[in-house]
Amino acid sequence: MTENAILIKQGAEARVYTAPFLTKKAIIKERFGKAYRHPILDKKLTARRITQEARSLFKCYKSGVDTPVLYFVDMENSKIYMEFIEGKVVKDLILENKEIKKDQLAEKIGIAIARMHSVDVIHGDLTTSNLLLRDSNKSLVVIDFGLSYVSSLPEDKAVDLYVLERTFLSTHPNFENMFAEILEAYAKNYKASKEILAKFADVRLRGRKRNMVG
Ligand SMILES: Nc1ncnc2c1ncn2[C@@H]1O[C@H](COP(=O)(O)OP(=O)(O)O)[C@@H](O)[C@H]1O
Ligand SMILES: [Mg+2]
């Protein structure tokens, strides 16, 4: 690994480091394969994830969603270099439940998802661990685009919303009304949201039925 890199998170498919990059503090995300997968397939999957992450980061950035600035993609070594965000993870902010302006935060999240979906980026893992709030200007930052893809289908966008709702139900059960506020801001700031919200109701229903069956 790069000199002076400090490991901050060891995940199942990626290691996240902080390290200096040129004159700045950067995040390096290194993807690695799974031992049980066929090596050629594995290399392909890893490469695809990296390409998806870099592409979506850039697409979102252009659409006005605050995301880490992409510095460098090192395909050979399966690494992405990006801006280090000085901020706090939304999950922790809500769990600590202090000094947060809940309705403002909900509005920021709704607007960010609306912008992201308006350029057809589906995040794929929309949880409160993948949202950060910048210390400097309290801007909401979306991270972790490794499972993202491009789709204009209302159903895919609805599933993105559903994943976030599940996070609120499981991780922030006392903040269910916050998810309702997120949806409200999403609808208000996204012209095409009507069809998506109709699909969302279907997806929810299906989810509930699945839960009942087991
Ligand atoms: N650009 C960034 N700036 C600051 N912290 C980051 C950044 N990217 C990731 N992190 C931190 O590392 C954690 C894991 O990164 P993430 O991209 O979500 O990888 P994973 O696939 O392991 O979830 C995040 O939850 C966040 O705390
Ligand atoms: Mg993550």
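Residues numbered from 1 in each chain as written. Chains lettered and ligands numbered in written order. Predicted model: local features only at pLDDT ≥ 70, side-chain atom pairs only at ≥ 80, totals over all residues. Heavy atoms only, no water.

This is how it is decided: UniProt positions are given in the numbering used here, feature names are shortened, and annotations may be inferred rather than shown by experiment.
The name an unreviewed UniProt entry assigns to the chain is non-specific serine/threonine protein kinase, from the organism Diversispora epigaea. Per UniProt, the comment on the chain under Sequence similarities (unreviewed entry) is "Belongs to the protein kinase superfamily. BUD32 family."

### Regarding helix H3 (residues 102-118)
Using the following cut-off: Runs of H or I in DSSP of at least four residues are treated as helices and runs of E of at least two as strands, each being numbered from the N terminus. Given the number of residues in a helix, its expected span is that number minus one, multiplied by 1.5 Å. The classification of residues rests on relative accessible area computed with a 1.4 Å probe and restricted to protein chains. Under 20% of the type maximum is buried, over 50% is exposed, and intermediate values are partly exposed.
In this model, H3 (17 residues) spans 24 Å end to end at C-alpha, consistent with the 24 Å of a helix rising 1.5 Å per residue. Among the residues making up H3, those that are buried are Leu105, Ala106, Ile109, Gly110, Ala112, Ile113, Ala114, Met116 and His117. Among the residues trailing H3, aspartate 120 stands out with phi positive, at a value near 65 degrees.

### Some thoughts on the nonpolar core
Let me state the cut-off plainly: Remark: nonpolar core denotes a set of buried residues (Ala, Val, Leu, Ile, Met, Phe, Trp, Tyr, Cys) joined through side-chain atoms within 4.5 Å. Domain delimitation follows an automatic or database domain assignment. By definition in these notes, contact holds between two residues if any of their heavy atoms fall within 4.5 Å.
Residues Ile109, Ile113 and Met116 are the most contacted members of the largest nonpolar core, which totals 43 residues. With 7 residues, the single largest contributor to this core is H3. Summarising the domain contributions, this core has at least three residues from each of domain 1 (6-83) and domain 2 (87-213). For isoleucine 109, the contacting residues outside a window of four places in its chain are Val90, Leu131, Leu140, Leu164, Met178 and Ile182. Ala19, Phe21, Ile28 and Tyr81 belong to the second largest nonpolar core, which has 6 residues in total.

### Points about the sheet that holds strand S6 (residues 87-89)
Just so we agree on the cut-off: Any two strands are treated as partners once DSSP identifies two or more bridges connecting them. Fitting a line to C-alpha atoms yields each axis, with helices limited to the stretch in contact; the angle taken between N-to-C directions then spans 0 to 180 degrees.
Here we have 3 strands laid out as an open sheet, ordered S6-S8-S9, and antiparallel in their pairing. The open sheet has two free edges, formed respectively by S6 and strand S9 (140-142), since each of these has just one partner strand. On average, each strand axis in the sheet is inclined to that of its neighbour by 30 degrees, with strand direction left out of account. Sheet topology note: the S6/strand S8 (residues 131-134) ladder contains 3 bridges and is antiparallel. Of the residues in S8, the one forming a bridge with lysine 88 is leucine 133. The strands touched by H3 are S8 and S9; relative to S9, the strand with the most contacts, the crossing angle is about 40 degrees.

### Looking at unusual backbone geometry
For residues other than glycine, phi is negative in most cases, and the peptide bonds are mostly trans. In this structure, leucine 22 is a non-glycine residue whose phi angle is positive, near 55 degrees. The phi torsion at aspartate 120 lies on the positive side, around 65 degrees, for a residue other than glycine. With respect to the secondary-structure elements, aspartate 120 resides in the loop between H3 and strand S7 (121-122). Relative accessible area serves as the criterion here: at 23%, aspartate 120 is assigned to the partly exposed category.

### Remarks on the site of ligand 1
In plain terms, the rule: Near residues are defined by distance, with any heavy atom within 4 Å of the molecule or strand qualifying the residue. Throughout this description, a polar contact denotes any pair of N or O atoms lying within 3.5 Å of each other; where both atoms belong to protein, one of them has to be capable of donating a hydrogen while the other can accept it, and for residues adjacent in sequence the pair is counted only when both atoms sit in side chains. The method behind every accessible area is Shrake-Rupley, applied with a 1.4 Å probe, and residues are considered shielded solely by the protein chains displayed. Both cavities and pockets are sets of points on a 1 Å grid over the protein atoms alone; in a cavity a 1.4 Å probe fits but cannot get out, in a pocket the set is open with protein on both sides within 12 Å along at least five of seven lines, and lining residues sit with an atom within 4 Å of a point. Throughout, a molecule is located in a cavity or pocket provided that more than half of its atoms lie within 2 Å of its grid points. Residues are sorted three ways: Asp, Glu, Lys and Arg are charged, Ala, Val, Leu, Ile, Met, Phe, Trp, Tyr, Cys and Pro are nonpolar, and all the rest, Gly among them, are polar.
Every one of the 15 residues lining ligand 1 counts as a neighbour, but Lys29, Glu83, Ile85, Asn130 and Asp144 are closest to it. Note that an oxygen atom of ligand 1 is positioned 2.8 Å from one of the side-chain N or O atoms of lysine 29. Glutamate 83 is positioned such that a nitrogen or oxygen atom in its backbone is 2.9 Å from a nitrogen atom of ligand 1. In isolation ligand 1 has 550 Å² of accessible area, and contact with the protein removes 84% of it. Put simply, ligand 1 lies in the largest pocket. For the shell around ligand 1, the elements supplying multiple residues, two or more each, are strand S3 (24-31) and strand S5 (79-83). Classifying every residue of the shell around ligand 1 by side-chain character gives 9 nonpolar, 2 polar and 4 charged. Looking at the shell around ligand 1, you find at least three residues from each of domain 1 (6-83) and domain 2 (87-213).

### Description of the domain arrangement of the chain
Selection criterion: Defined here as a combined quantity, buried area equals the accessible surface (1.4 Å probe) lost by two parts on assembly, summed across both. A pairing counts as a salt bridge when a side-chain nitrogen of Lys or Arg comes within 4 Å of a carboxyl oxygen of Asp or Glu.
Its domain assignment divides the chain into domain 1 (6-83) and domain 2 (87-213). Here the C-alpha centroids of domain 1 and domain 2 sit 22 Å apart. Together, the buried faces of domain 1 and domain 2 total about 1400 Å²; carbon and sulfur atoms form 55% of this surface. When the buried area of domain 1 at its contact with domain 2 is split by residue, Lys59, Val65 and Asp66 rank highest and sum to 35% of it. In this structure, the connection of domain 1 to domain 2 is made through 3 salt bridges. Here aspartate 144 makes a salt bridge to lysine 29, at a shortest N to O gap of 2.7 Å. Where domain 1 meets domain 2, there are 11 residue pairs in polar contact (both at pLDDT 80 or more).

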